[in-house]
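Fold and contact review
These are the residues of each chain, in order.
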Amino acid sequence: MNPIYQEYFRDNLPHIWCSGCGNGIVMSAFARAMDKLQYNKDEVVAVSGIGCSSRITGYLDCNTLHTAHGRALAFATGVKFSSPEFKTFVFMGDGDGSAIGGNHFIHACRRNLDMTVILINNHIYGMTGGQFSPLTPYGKKGTTAPYGSVDPCFDIVELAKGAGATFVARGDIYHAKQLTDLIVAGAQHKGISVIEVMAICPISYGRYNKIPKPIDMINYLKDHTISIARAAKMTPEELKEKDMIITGVFHEDNSVPEYNEGYAKMCERVLGGGK
Ligand SMILES: Cc1ncc(C[n+]2csc(CCOP(=O)(O)OP(=O)(O)O)c2C)c(N)n1
Ligand code: SF4
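What counts, and where the lines are drawn
- Residues numbered from 1 in each chain as written.
- Chains lettered and ligands numbered in written order.
- Predicted model: local features only at pLDDT ≥ 70, side-chain atom pairs only at ≥ 80, totals over all residues.
- Heavy atoms only, no water.
- Core = buried A, V, L, I, M, F, W, Y, C linked by side-chain atoms within 4.5 Å.
- Buried < 20%, exposed > 50% of the residue type's maximum accessible area, 1.4 Å probe, protein only.
- Helix = DSSP H or I, 4+ residues; strand = E, 2+ residues; numbered from the N terminus.
- Contact = heavy atoms within 4.5 Å.
- Axes fitted to C-alpha atoms, helices over the stretch in contact; angles between N-to-C directions.
- Parallel < 35°, antiparallel > 145°, perpendicular 65-115°, else oblique.
- Left-handed = near helix turned anticlockwise from the far one by under 90°.
- Pairing = 2+ DSSP bridges.
- Near = heavy atom within 4 Å.
- Nonpolar A, V, L, I, M, F, W, Y, C, P; charged D, E, K, R; others polar.
- Salt bridge = Lys/Arg side-chain N within 4 Å of Asp/Glu carboxyl O.

1. Considering the nonpolar core
Counting residues in each nonpolar core, the largest one holds 44 residues, and the members touching the most others are F30, M34, L60 and I183. Here this core gets 8 residues from one element, more than from any other, and that element is helix α2 (residues 23-37). Excluding its chain neighbours within four sequence positions, the residues that come into contact with L60 are Y8, F9, R10, M27, F30, A46 and F91. With 24 residues, the next largest nonpolar core counts L73, I156, A160 and A165 among its residues.

Encoded structure:
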């Protein structure tokens, strides 16, 4: 095994994921990012909710918390607020992060604690067999949308920006090196960083939507992802017509105080007798 994976993965493989699942690519990108950052794994905390993607914390060899569905950010907030020295990462599925955990998501974005949120968007509730989520594209099928979803879906990048996140990016599992670099950049940002990862679930999404082969799903990402710079040369109509997914860093704002720092200043002011 690659020594980086030997260092950052627990010795408890095989994993539970189906063949062709995208979650392993995200987990490997995370391990490579930890290696690039030269983080001591004892100072890293990885938190997740419930779902196939949330199983990542079971395989990573650092401090890990596998919590309740939709509540990863609530637990991570507690960890980071009580122990700011920990480098904190949160893994969430699209159902976990944008449906049951949607309220936690928007408030974590505005609070700006220094943590990195990796939201793995496979468009579906994978673990429970394919119910549609707030990130299922319009018209696509799931067990609870057998004729195609008629709910418009969220744009996580825009939602995170609108809610106040200070670093917002999108990557995908085909471009694994870019994904590693985005995780590194997110971790280096002081404040909350949100990275949406376009992933694949051949079993609970691909089969219902007539793209059951993992390779076809991966090639779709290869052909339909485009950098922010290249996308700027196309019209919004062209991007929509070609179903392009824009990737890269969309937003970084270093002017907003990180939450723990703001809190410490407030304590100093109040307890130190200042105004
Ligand atoms: C409070 C609660 N509600 C529902 C469930 C059942 N449940 C487990 S995983 C899951 C959905 C997972 O989908 P997603 O978050 O998109 O992750 P994926 O499995 O696709 O990675 C649901 C509804 C649960 N475990 N707890
Ligand atoms: S159901 Fe989908 S998300 Fe879950 S392990 Fe299988 S391929 Fe991956």
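2. Remarks on the packing of helix α4 (residues 72-82) against helix α6 (residues 102-111)
Between α4 and α6, whose axes approach to 9 Å, the crossing angle comes to 30°. Considering the angle they form, α4 stands roughly parallel to α6. Seen along the crossing, α4 lies across α6 with a hand that is left-handed. Residue-level contacts link L73, A74 and T77 of α4 to H104, F105, A108 and R111 of α6.

3. Here we look at the environment of C109
Inspection of the secondary structure puts C109 in helix α6. Each C-alpha atom of the pair C109 and T166 lies 7.6 Å from the other, and the pair is 57 residues apart in sequence. Ignoring anything within four residues of it in the chain, the contact list for C109 reads A160, A163, G164, A165, I192 and V194.

4. Overview of the sheet that holds strand β2 (residues 63-66)
Here we have 8 strands laid out as an open sheet, ordered β2-β1-β3-β4-β8-β7-β10-β9, and mixed in their pairing. Strand pairing shows two members of the sheet lacking a second neighbour, β2 and β9 (225-227), which therefore form its edges. Averaged over all adjacent pairs, the angle separating strand axes in this sheet is 20°, with direction ignored. Relative to strand β8 (residues 193-198), strand β4 (residues 115-121) runs parallel, the two being bridged by 6 bridges.

5. Considerations on unusual backbone geometry
Each neighbour pair has its own omega, and for L13 with P14 the value is 10°, a cis peptide bond. Summarising the element assignment, P14 is placed in the loop between α1 (3-8) and α2. Phi is positive for N112, which is not a glycine, with a value near 70°. Here N112 is to be found in the loop between α6 and β4. With relative accessibility at 1%, the residue N112 sits in the buried group. The backbone phi angle of K210 is positive, close to 60°, even though this residue is not glycine. Secondary-structure assignment places K210 in the loop between α9 (202-206) and α10 (214-224).

6. A closer look at the site of ligand 2
Looking at ligand 2, the residues that line it are W17, C18, C21, C52, N122, G126, C201, P202 and S204. Taken together, the residues of the shell around ligand 2 sort by class into 6 nonpolar, 3 polar and no charged.

7. What about the pattern of salt bridges?
Considering all chains together, one arrives at 9 salt bridges under this definition. Here K161 and E158 are joined by a salt bridge, their closest N and O atoms 3.5 Å apart. Of this pair, K161 and E158 both sit in helix α7 (residues 156-163), 3 residues apart, which is roughly one turn of that helix. Its relative accessible area of 31% is what places K161 among the partly exposed residues. For R170, the salt bridge is made with E196, and the minimal N-O distance between the two is 2.8 Å. On the criterion of sequence distance, the pair formed by R170 in strand β7 (residues 167-172) and E196 in strand β8 is long-range, its members being 26 residues apart. Note on R170: relative accessible area 9%, which makes it buried. The buried category is assigned to E196, whose relative accessible area is 3%. One network of salt bridges, with partners in common, ties together E7, K41 and D61.

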